[in-house]
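What the coordinates show
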Amino acid sequence: MPSISVIVPAYNVEKYLAECLESILNQTFEDLEIICVNDGSTDSTLEILNGYAKKDERIKVISQENRGLSGARNTGLKNAVGKYVYFIDSDDYLELDALQKLYDMSEKNDLDMVLFKLINIDDETKERYPTKYYDMKYMAEYAGEVFSHSDIPKYVYRIPVSIPGKFFKRDLIRDMEFVEGMIFEDNAFFIEALFKAKRVSFLDEYLYIRRVRQDSITTSSKNFTDYITVSNLLIDITKDYGLYDEYKPQLFNKTITNTHLRFDQVSGEDRDIFFAEMKRDYLSKKDEYDADEAFQNSPERLREIFYSAIESENAREFDLSVKYFDLNKSNEKTSKSLKRLSDENTRLKSENEKLIKENEELKKINEDALNSTSWKVTKPLRYLGDAVKK
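Quick notes on the rules
Numbering of residues begins from 1 in every chain and follows the order in which that chain's sequence is written. Confidence filtering applies because this is a predicted model: local features only for residues at pLDDT of at least 70, side-chain atom pairs given and counted only at 80 or more, and all residues used for totals across whole chains, interfaces and linings. With hydrogens and water stripped out, all remaining heavy atoms of the structure feed into the side-chain values. Here is the rule: rings of Phe, Tyr and Trp (six-membered ring for Trp) pair when centre to centre is within 6.5 Å. Planes less than 30 degrees apart are stacked, more than 60 are edge-to-face, and the remainder are tilted. Runs of E in the DSSP output that reach at least two residues are strands. Runs of H or I that reach at least four are helices, and both are numbered from the N terminus. Relative accessibility thresholds used throughout: buried, under 20% of the residue-type maximum; exposed, over 50%; partly exposed, between the two (1.4 Å probe, protein chains only). The axes used here are C-alpha line fits, helices contributing only the stretch in contact, and every angle between their N-to-C directions lies in the interval 0 to 180 degrees. Oblique is the label for any angle not covered by the other classes, which are roughly parallel (under 35 degrees), roughly antiparallel (over 145) and roughly perpendicular (65 to 115). Should the near helix be turned anticlockwise from the far one by less than a right angle, the crossing is termed left-handed; should it be turned clockwise, right-handed. Contacts between residues were defined by any pair of non-hydrogen atoms, one from each residue, lying within 4.5 Å. Gly counts as polar in this scheme, as do all residues outside two lists: the nonpolar Ala, Val, Leu, Ile, Met, Phe, Trp, Tyr, Cys and Pro, and the charged Asp, Glu, Lys and Arg. Residues enter a nonpolar core if they are buried and are Ala, Val, Leu, Ile, Met, Phe, Trp, Tyr or Cys, with the set joined through side-chain atoms within 4.5 Å.

Further remarks concern the packing of aromatic side chains. All told, the structure shown has 29 aromatic pairs when counted by the stated rule. Between the aromatic rings of phenylalanine 29 and tyrosine 103, the centroid separation amounts to 4.5 Å while the plane-to-plane angle is 40°, which identifies the pairing as tilted. With a gap of 74 residues between them, phenylalanine 29 in the loop between helix H1 (17-25) and strand E2 (32-39) and tyrosine 103 in helix H4 (residues 98-109) connect regions that are remote in the sequence. Note on accessibility: phenylalanine 29 and tyrosine 103 belong to one class, buried. With a centroid separation of 5.8 Å and 50° between ring planes, the pair formed by phenylalanine 195 and tyrosine 241 is classed as tilted. Placement of phenylalanine 195 in helix H7 (residues 186-196) and of tyrosine 241 in the loop between helix H9 (226-240) and helix H10 (244-264) is noted, with a sequence separation of 46 residues between them.

Below is the structure:
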C-alpha cells in the first residue's frame, strides 16, 4: 500500500499538465500512487496522462464523462488506497520537498490533517506573490502545534478552504464527498473535515504554487449564486456537528460578508439573478435572525447587508444602500479622526501657551536677579574668582 495517494483531476489542461505531473513525479518522497482523473477532456489531456503512465507505474489514469472538479475528486478519493490523501489541481504544482515535509509532520504527530500556505503565480508574468488570505499570519502561533477546531474558534471560518492547501489522513475523509455540480465546493468539504479532525497542525511554509489565470473556473464564472447554496451547507454542517451556537458569530460574518463579496463580483443580468436569490434566501431566514441575539449583536455592517437585501426592490437599490452605509461610516471615521486631530492640536496649543508663559516668568526672574543689589555687590568678587582660576 502506498503511503500517499495524490489525486489529480484533469480537464482540458494540456498547457499546464506536464508541469503539474513533473512536480509530483520528482518529489523527494517517492512512495506514492498518483490517481489522474480525466474528466471528459476534449484536448490532448488524456494523451498526455497516458504518456506519463507508460513511463511511471505509480500513475493510474481513470477516464470519465465530465462531472466537474468535485466529481473528479470524488472518483479519485474512491480509488485511493494510501494512508494519506493529497489533492492537487492540474494547472498548479508543488515544491519538490512538499510531500516529504507533510508526510514527516503527519507521522511524527499522528495528524488527521495538515494546513499549509499557498503562493500565487501570475500565468502571464510568472511572478510569484503572496496574499494575505493564503498567508494565514494569524495561525503563526500554532505552527508545529497540534490542535483541533475547538482550540482556534476565532479562525475556523477564516482559514482558506482551498483543498490543495490541506494534507489529509485518508481515514478522516474516506466517507466524505465533494458536492457536485457547483463551484465553491471546497467550503463544505473543508469545514466538515476540520470538525471531524482531532489532531490538526499548521506548517508555516509555502509548498504549493497556485496559478492565477483568466480562464480558470473561479475567474471565468460570472454567476456566483452557488455561494448562497454553499453558505447554507456551511450552516447545516455546523448544526449537524452541534456547533452552531458556538460558532454563530463567525458563521454570520463569513456567509454574509462573502455573499456580498460575490454580489460585487458579478454584473448585468447575473447581478440581478444573484440579488433575487440572495433576497429569497435572507427572507427565509428573517424571522430566525430577528429573534437571534447573536445576530442582533453582530457587526452593524452585516445587519445592514442582510436587511438591505430584504428591503431593496432590486440589485441597484441594494448596491446603493450598502454603499451609502459604507460612505456614512467612512465619513464618521474621518470626522472622528479630524476631531482627534483637532483635540490634539488644542492640547498642543495649550501646552505651548503654558511653556511660553513659564519662559516669560523665568526671564523676569533672571532679569530681577541681575538687577538686584546682591548681584551688583558681588560682581567684583566674581571677576576676582575668575582671575584666580586662570
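Let us look at the packing of H7 against H9. Close contact between H7 and H9 brings their axes to 9 Å; oriented N to C, the two are set at 15°. Classified by the angle their axes make, H7 and H9 are roughly parallel. In this structure, H7 crosses over H9, and the sense of that crossing is right-handed. Facing Asn187, Ala188, Ile191, Glu192 and Phe195 of H7, the residues of H9 in contact are Tyr227, Val230, Leu233, Leu234, Ile237 and Thr238. When grouped by side-chain class, the residues that make up the contact of H7 with H9 number eight nonpolar, two polar and one charged.

Turning our attention to unusual backbone geometry. At asparagine 12, a position not held by glycine, the phi torsion is positive, near 50°. Since its relative accessible area comes to 29%, asparagine 12 is described here as partly exposed. Positioned with a positive phi, phenylalanine 184 is a non-glycine residue whose angle comes to about 65°. With respect to the element layout, phenylalanine 184 can be found in the loop between helix H6 (170-173) and H7.

If you look at the biggest cluster of nonpolar residues, it comprises 71 residues, and the most contacted ones within it are Phe87, Met113, Leu115, Met139, Phe168, Ile173 and Met278. Looking at this core, the element that brings in the most residues is H7, giving seven residues. Not counting the four nearest positions on each side in its chain, methionine 278 is found in contact with Ile228, Thr259, Phe263, Ala309 and Phe318. Judged by nonpolar contacts, the second largest core, of 35 residues, contains Ile4, Phe29, Ile88 and Leu111.

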